[in-house]
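If you want the building blocks of each chain, they are given just below.
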Amino acid sequence: MGLRTAIATVCAALPYALSELEAADGQRLVSLTSIDPTRQKRLQITGPDAAPPEALAGA
């Protein structure tokens, strides 16, 4: 069940993520959150300079 949900999440968010990444001027971090009909809840895109991942913030 978990694998099906993960695959559905990627399939649902991928078109939105790709269109946003095509318009981006640099590297971006994409976080997929859930299966939802709205883009705002489906994924979050941030610039690594503006919001570095916690694992790299202290490096």
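I will try to describe carefully the structure that is included in this document. Computed from a prediction, not measured in an experiment: that's the story for all the values here.

Calculation rules
Residues numbered from 1 in each chain as written. Predicted model: local features only at pLDDT ≥ 70, side-chain atom pairs only at ≥ 80, totals over all residues. Heavy atoms only, no water. Salt bridge = Lys/Arg side-chain N within 4 Å of Asp/Glu carboxyl O. Buried < 20%, exposed > 50% of the residue type's maximum accessible area, 1.4 Å probe, protein only. Helix = DSSP H or I, 4+ residues; strand = E, 2+ residues; numbered from the N terminus. Polar contact = N/O pair within 3.5 Å; in protein donor to acceptor, adjacent residues only side chain to side chain. Expected span 1.5 Å × (residues − 1). Bend = angle between axes of the 7 residues up to and from the residue.

Let's talk about the pattern of salt bridges
Scanning the model with the defined rule gives 1 salt bridge in all. Notably, a salt bridge pairs Asp25 with Arg28, separated by 2.7 Å at the nearest N-O pair. Given a relative accessible area of 72%, Asp25 falls into the exposed group. Residue Arg28 is classed as partly exposed on the basis of its relative accessible area of 30%.

Quick look at the side chain of Thr9
Mapping Thr9 onto the fold places it in helix 1 (residues 2-23). Given the relative accessible area of 10%, Thr9 is considered buried. Of note is the side chain of Thr9, whose polar atom sits 2.8 Å from the backbone oxygen of Thr5.

A word on helix 1
The end-to-end C-alpha distance of helix 1, which contains 22 residues, comes to 32 Å, matching closely the 32 Å that a straight helix rising 1.5 Å per residue would cover. Considering bend angle alone, the principal kink of helix 1 is centred on Leu14 and spans about 45°; proline Pro15 follows within four residues of it. Taken together, the buried positions of helix 1 are occupied by Thr9, Ala12, Ala13 and Ala17.

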